[in-house]
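# Tertiary structure, described
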Amino acid sequence: MYLRGVKSPGAETSARGFTRRHACGCVLSALCCGPALRAQGAALAADAVELIEVAPGLHVFRGAHDEATTANLGAIANIGVLIGGNAVAVVDTGGSFAWGKRFRRAVQSLTDLPIRYVINSHMHPDHILGNAAFDADRAEIVGHAKLPDALAARGGYYLRHVAEQLGDVSAGTRIVEPTILVKDRHDIDLGGRVLRLQAHATAHTDNDLSVFDIATNTLLASDLLFMERLPVIDGSLNGWLAVSNDLRHLPADRVVPGHGPASADWPAALDAQERYLRTIQSDIRTLIAAGATIEYAVENAGRSEQGSWLMFDEYHPRNVVTAFSELEWE
């Protein structure tokens, strides 16, 4: 990530009225630029993307626990590849066009089947800014029904920020809008392999989409689950805990988190994140009841968790501010 209750089942899915490959029109820099091309070429010539097979036909790239840099091309989130009998789906595409191209090349080394679906788990740039690399596949871009509004509000900022972080290797990175929107639940059939997509109420963000691979009982939770690296609240603390409780009851054998190991046992994988979220919820409620200020809460709430998470200092203060702003109005 670059930035410091579930509805009843149904089949409510709609297509937006934009053309395929519709983009926000904000391209970071022209591909004809010589320095940008040279920098991007060097990045693309780097080591091959490692894809880990965590279940039959389900491969995962494990993102770095870091901020986006020219060295990692913004590849700091876990990304999934699911191979069916006649098609392929990818779950997220990484943090830049350059890395998206590397990722696409890695997918093509696994299979000759067409990449028909690019599933965007939510709006954050480390998950979706590689979308443009899949233009040639003419894949459907699938996202939560609230994803377009989120991209309209933040897309320009995300593009400026990735340009600052990656410099010339950010060339070609742009926002690619979804072509299929999921309002509640939607199934995708890859040929003998059905993926169940669930749009969630506000949790990590207001546009979280999870994927359940029925063939292997695997939940691709994306950023609804952080492991090792501190969770980041960009939606609702209370909502995230409610969604987590719903997910806990899924009949999954394993989970692919948005950050952390390539896969982990379910539902035990959820325990550490839930402990952190409940700790800051409890601490902040206690401080609010005592009349403490938000500044005091930032310095004191949730500090018992400090030794349990990577990148705690970078993101915990922001979490406290977000949670305090929500909980003070209960």
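Residues numbered from 1 in each chain as written. Predicted model: local features only at pLDDT ≥ 70, side-chain atom pairs only at ≥ 80, totals over all residues. Heavy atoms only, no water.

### Comments concerning the overall build of the protein
Within the protein one finds eight helices and 14 strands. When burial is assessed residue by residue, the protein has 56% of its 330 residues classed as buried. Summing over all exposed atoms, the protein offers an accessible surface of approximately 12700 Å²; the carbon and sulfur share of this is 51%. (Helix = DSSP H or I, 4+ residues; strand = E, 2+ residues; numbered from the N terminus. Buried < 20%, exposed > 50% of the residue type's maximum accessible area, 1.4 Å probe, protein only. Areas by Shrake-Rupley, 256 points an atom, 1.4 Å probe, with all protein chains shown as cover.)

### Examining the environment of Arg 254
Here Arg 254 shows up in strand E13 (residues 254-259). The partly exposed category is assigned to Arg 254, whose relative accessible area is 21%. Each C-alpha atom of the pair Arg 254 and Ala 269 lies 8.5 Å from the other, and the pair is 15 residues apart in sequence. Every residue in contact with Arg 254, bar those within four places of it in the chain, is listed here: Val 54, Ala 55, Thr 216, Asn 217, Thr 218, Leu 219, Ala 264, Asp 265 and Trp 266. Of note is the side chain of Arg 254, whose polar atom sits 2.9 Å from the side chain of Thr 218. (Contact = heavy atoms within 4.5 Å. Polar contact = N/O pair within 3.5 Å; in protein donor to acceptor, adjacent residues only side chain to side chain.)

### Regarding the confidence of the model for the protein
Summarising the model, the protein shows a mean pLDDT of 89, and 86% of its residues fall at 70 or more. Residue range residues 2-45 is modelled with pLDDT below 50. Its contacts to residues more than four positions away, or to other chains, number 109 contacts. (pLDDT = per-residue confidence, 0-100.)

### Here's the deal with the side chain of Thr 218
Position of Thr 218 relative to the elements: it lies in strand E12 (residues 218-226). Of note is the side chain of Thr 218, whose polar atom sits 2.8 Å from the side chain of Thr 216. Residues contacting Thr 218, with those up to four places away along its chain left out, are Ala 55, Leu 58, Val 211, Phe 212, Asp 213, Arg 254 and Val 256.

### Structural notes on the pairing of strand E2 (residues 52-55)
Here E2 runs beside strand E3 (residues 58-61); their pairing, made up of three bridges, is antiparallel. Bridging across to E3, Glu 53 finds its partner in His 59. (Pairing = 2+ DSSP bridges.)

### As for the nonpolar core
By size, the foremost hydrophobic cluster in this structure holds 39 residues, and its most contacted members are Leu 219, Leu 225, Leu 237, Val 255, Trp 266 and Ile 284. Sorting the residues of this core by element identifies E12, helix H5 (237-248), helix H6 (271-289), helix H7 (294-300) and helix H8 (312-327) as the ones contributing at least two each. Looking at this core element by element, the count peaks at six residues for H8. Beyond its immediate chain neighbours, meaning those up to four positions away, Val 255 contacts Leu 219, Ala 221, Leu 225, Ala 262, Ser 263, Ala 264, Trp 266 and Ala 269. Counting 38 residues, the second largest nonpolar core, distinct from the first, contains Ile 83, Ile 141, Leu 147 and Leu 159. (Core = buried A, V, L, I, M, F, W, Y, C linked by side-chain atoms within 4.5 Å.)

### A closer look at the pattern of salt bridges
Counting across every chain of the model gives 12 salt bridges. For the salt bridge of Glu 274 with Arg 248, the shortest nitrogen-to-oxygen distance reads 3.0 Å. With Glu 274 in helix H6 and Arg 248 in helix H5, the pair connects residues that are 26 residues apart, well separated along the chain. Judged by its relative accessible area of 24%, Arg 248 is partly exposed. Glu 330 is paired through a salt bridge with Arg 285; the nearest N and O atoms lie 2.7 Å apart. Placement of Glu 330 in the segment after H8 and of Arg 285 in helix H6 is noted, with a sequence separation of 45 residues between them. Given a relative accessible area of 55%, Glu 330 falls into the exposed group. (Salt bridge = Lys/Arg side-chain N within 4 Å of Asp/Glu carboxyl O.)

### Examining the pairing of E13
Where burial is concerned, most of E13 is hidden: five out of the six residues are buried. As paired strands, E12 and E13 are joined by five bridges and run parallel to one another. The partner of Phe 226 across the bridge, within E13, is His 259. Handedness of the crossover is the feature at issue here: the chain leaves E12, passes through H5, returns alongside E13, and the resulting connection is right-handed. Bridge count between E13 and strand E14 (residues 264-265): two bridges; the pairing is antiparallel. Of the residues in E14, the one forming a bridge with Val 255 is Ala 264. From the end of E13 to the start of E14, which pair antiparallel, there are four residues, and Gly 260 there has a positive phi angle of about 125°. (Right-handed = clockwise from strand over helix to strand, strands pointing away.)

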